[in-house]
Amino acid sequence: MMDSAALGRFVLPAFEVIPKRLPQCVCAMLCTPEGFNLCSIGVTVDQLGKIAALTSSLISLGEATVQAVHSGQHPSLDVLTLQSGDLTTVGIKVPHVNGHLLLLVTAQAAPLGAILTIARSTAERIKELLPRSAA
């Protein structure tokens, strides 16, 4: 099993294409469900911990909302979107052998569909790079 820094470096090539495909990208982050940053772009060092923790909290709250609204009858949360003026944020759970990671992408003045498409394709590429078994 890789440590978090090695994992971040390992998936960085898939992650770095986000601003190339989405020039309106303000920031993006891949973090653990516990709120630890693995890799990021457009995030200052003093923001890393805060954004990773908030990403974890947002996905947890979204998951709890889905379970409450649907009485546990639907699958777990896959994607969460937030809108604030012309800023749009998309959070996606990236499944892997030990659970999931969290991908957050924020863009300014970009169509939601474009952000979702790029975030989903990035999540899929990261998923492909991650180990498939614990052995």
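Residues numbered from 1 in each chain as written. Predicted model: local features only at pLDDT ≥ 70, side-chain atom pairs only at ≥ 80, totals over all residues. Heavy atoms only, no water.

A.B. asks: Before we move on, can you summarise the nonpolar core with the specific residues and values?
C.D. replies: Within the largest apolar cluster, 27 residues are counted, with the highest numbers of intra-cluster contacts made by Phe15, Ile18, Leu22, Leu30, Leu103, Val105 and Ile126. Elements with a minimum of two residues in this core: α1 (4-15), β1 (25-31), β2 (37-41), β4 (87-96), β5 (99-108) and α4 (112-129). When residues no more than four places from it in sequence are discounted, the contact partners of Leu22 are Val105, Ala107, Ala110, Ile115 and Ile118. Grouped together as the second largest cluster of nonpolar side chains are twelve residues, Ala52, Leu77, Leu102 and Leu104 included. (Core = buried A, V, L, I, M, F, W, Y, C linked by side-chain atoms within 4.5 Å. Buried < 20%, exposed > 50% of the residue type's maximum accessible area, 1.4 Å probe, protein only. Helix = DSSP H or I, 4+ residues; strand = E, 2+ residues; numbered from the N terminus. Contact = heavy atoms within 4.5 Å.)

A.B. asks: Residue-level account of the sheet that holds β2, with values.
C.D. replies: Pairing in this open sheet of five strands is antiparallel, and the strands run β2-β1-β5-β4-β3 from one edge to the other. Because the sheet does not close on itself, it has two edges, and the strands there are β2 and β3 (79-84). Strand-to-strand, the axes of this sheet are offset by a mean angle of 15°, without reference to chain direction. With ten bridges connecting them, β4 and β5 associate as antiparallel partners. The residue bridging His96 from the neighbouring strand is Gly99, located in β5. Strands in contact with α1 are β1, β2 and β5; relative to β2, the strand with the most contacts, it is inclined by about 35°. (Pairing = 2+ DSSP bridges. Axes fitted to C-alpha atoms, helices over the stretch in contact; angles between N-to-C directions.)

A.B. asks: Kindly report on the pairing of β5, identifying the contributing residues and their values.
C.D. replies: Burial within β5 is extensive, with seven of its ten residues counted as buried. Pairing between β1 and β5: six bridges, direction antiparallel. Each residue of the ladder has a partner; that of Leu30, found in β5, is Leu103.

A.B. asks: Kindly report on the pattern of salt bridges, identifying the contributing residues and their values.
C.D. replies: Taken as a whole and assessed by the stated rule, the structure comprises two salt bridges. Across the pair Glu63 and Lys93 runs a salt bridge, and its minimum N-O distance is 3.0 Å. Highlighted residues: Glu63 in helix α3 (residues 48-69) and Lys93 in strand β4, separated in sequence by 30 residues. By the burial criterion, Glu63 is buried, and Lys93 matches it. With a closest N to O distance of 3.4 Å, Glu128 and Arg125 form a salt bridge. Placement of both Glu128 and Arg125 in helix α4 is noted, with a separation of three residues, approximately one turn of the helix. A relative accessible area of 40% places Glu128 in the partly exposed class. (Salt bridge = Lys/Arg side-chain N within 4 Å of Asp/Glu carboxyl O.)

A.B. asks: Which residues make up the environment of Lys93, and what values go with them?
C.D. replies: On the basis of relative accessibility, which here comes to 17%, the residue Lys93 falls in the buried class. Sequence-distant contacts of Lys93, defined by excluding residues within four places in its chain, comprise Ile59, Glu63, Ser76, Leu77, Asp78, His100, Leu101 and Leu102. Polar contacts involving the side chain of Lys93 include one to the side chain of Glu63, which spans 3.0 Å. Here the side chain of Lys93 touches Ser76 through a polar contact of 3.4 Å, side chain to side chain. (Polar contact = N/O pair within 3.5 Å; in protein donor to acceptor, adjacent residues only side chain to side chain.)

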